[in-house]
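Residues per chain are reported as follows:
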Amino acid sequence: MKIEPNLWQLYLQVYFQPLQPIDFDSRGAVLSLWNPHGKVLCKDKNQRLSRFWQGALQRANVPYQLLWGGDQQMQYRELSVYIKCDLASGDRWATRLNQLGFYFVEDNQLHLYNSSDKAQSDVVTDNFVSRFCFAKLPKQNQAIQPKKQGLN
């Protein structure tokens with residue numbers, strides 16, 4: 001199934017903010033741990049998913065590094081992981097995480113792939129580190145569903 005064109009264009013505008021120094025000297029996948037199926041969830045559900053998938057990666061002996069993936073100002077950001085792997089493994093993990101798409105880094109080139117249709121792919125940039133940003137994170141995060149207000 002193709003990812004809708006407007007959403008695909010948003011995915012192509014991605015930036016990353018590592019939570020720790022990251023070693024990108026080999027190929028690997030960047031996968032969101034949040035908001036499966038492209039549905040924005042609440043903070044608690046996203047935190048539970050994050051813990052679950054980090055545990056799954058640890059149990060599978062897959063080293064990972066945490067980073068935020070989002071817009072350039074990080075007003076919308078999802079907790080993500082970078083794992084050193086080949087394209088097929090990245091695709092399998094993206095499918096397991098129920099993500100619509102994932103990023104793959106090879107030779108410093110960043111690619112975007114549709115998790116369910118590899119024919120839908122694009123080069124995001126030829127210089128992966130050019131998509132790193134280190135701005136102070138905003139308090140609000142549009143990738144988290146706002147709390148519902150009580151009914152009066």
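Everything below is about the structure printed above this text.
Being a predicted model, the structure only gives us computed values, none of them experimental.

Peer 1: Account for the overall build of the chain, with residues named and values stated.
Peer 2: In terms of helices and strands, the chain carries three helices and seven strands. Ordering the α and β elements of the chain from the N terminus gives α-β-β-α-β-β-α-β-β-β. At 15 Å, the chain has a C-alpha radius of gyration in line with the 15 Å of a compact globule built from 152 residues. For the chain, long-range pairs separated by at least 24 residues make up 66% of all intrachain contacts whose partners lie at least 6 apart in sequence. In the structure as shown, the chain presents an accessible area of about 8900 Å², 52% of it carried by carbon and sulfur atoms. Across the chain, the centroid of the 18 positively charged side chains sits 13 Å from that of the 13 negatively charged ones.

Peer 1: Before we move on, could you go through helix α2 (residues 43-59) and cite the residues and values that matter?
Peer 2: For α2, spanning 17 residues, the distance from its first C-alpha to its last is 24 Å, which sits close to the expected 24 Å at 1.5 Å a residue. Buried-residue contacts for α2 involve β3 (65-70), β4 (77-84) and α3 (87-96).

Peer 1: Just give me the short version of the pairing of β3, but keep the residues and values in it.
Peer 2: Along β3, six of the six residues are buried, which leaves the element largely enclosed by surrounding structure. Alternating residues of β3 divide into Q65, L67 and G69 and L66, W68 and G70, and every residue in both groups is buried. In this sheet, β3 lies alongside strand β1 (residues 15-18) in antiparallel orientation, the contact comprising four bridges. Each bridged residue has a counterpart across the sheet, and for Q17 the counterpart in β3 is W68. Bridge analysis of β3 against β4 gives six bridges, and the strand direction is antiparallel. What sits directly across from W68, in β4, is L79. Connecting the antiparallel pair β3 and β4 is a turn made up of six residues, with M74 showing a positive phi of about 60°.

About the cut-offs
Residues numbered from 1 in each chain as written. Predicted model: local features only at pLDDT ≥ 70, side-chain atom pairs only at ≥ 80, totals over all residues. Heavy atoms only, no water. Helix = DSSP H or I, 4+ residues; strand = E, 2+ residues; numbered from the N terminus. Rg over C-alpha atoms; globule rule 2.2 N^0.38 Å. Contact = heavy atoms within 4.5 Å. Areas by Shrake-Rupley, 256 points an atom, 1.4 Å probe, with all protein chains shown as cover. Lys, Arg positive; Asp, Glu negative; His and termini not counted. Charge placed at Lys NZ, Arg CZ, Asp CG, Glu CD. Expected span 1.5 Å × (residues − 1). Buried < 20%, exposed > 50% of the residue type's maximum accessible area, 1.4 Å probe, protein only. Pairing = 2+ DSSP bridges.

Read these as layout, nothing more, since geometry by itself doesn't imply function.
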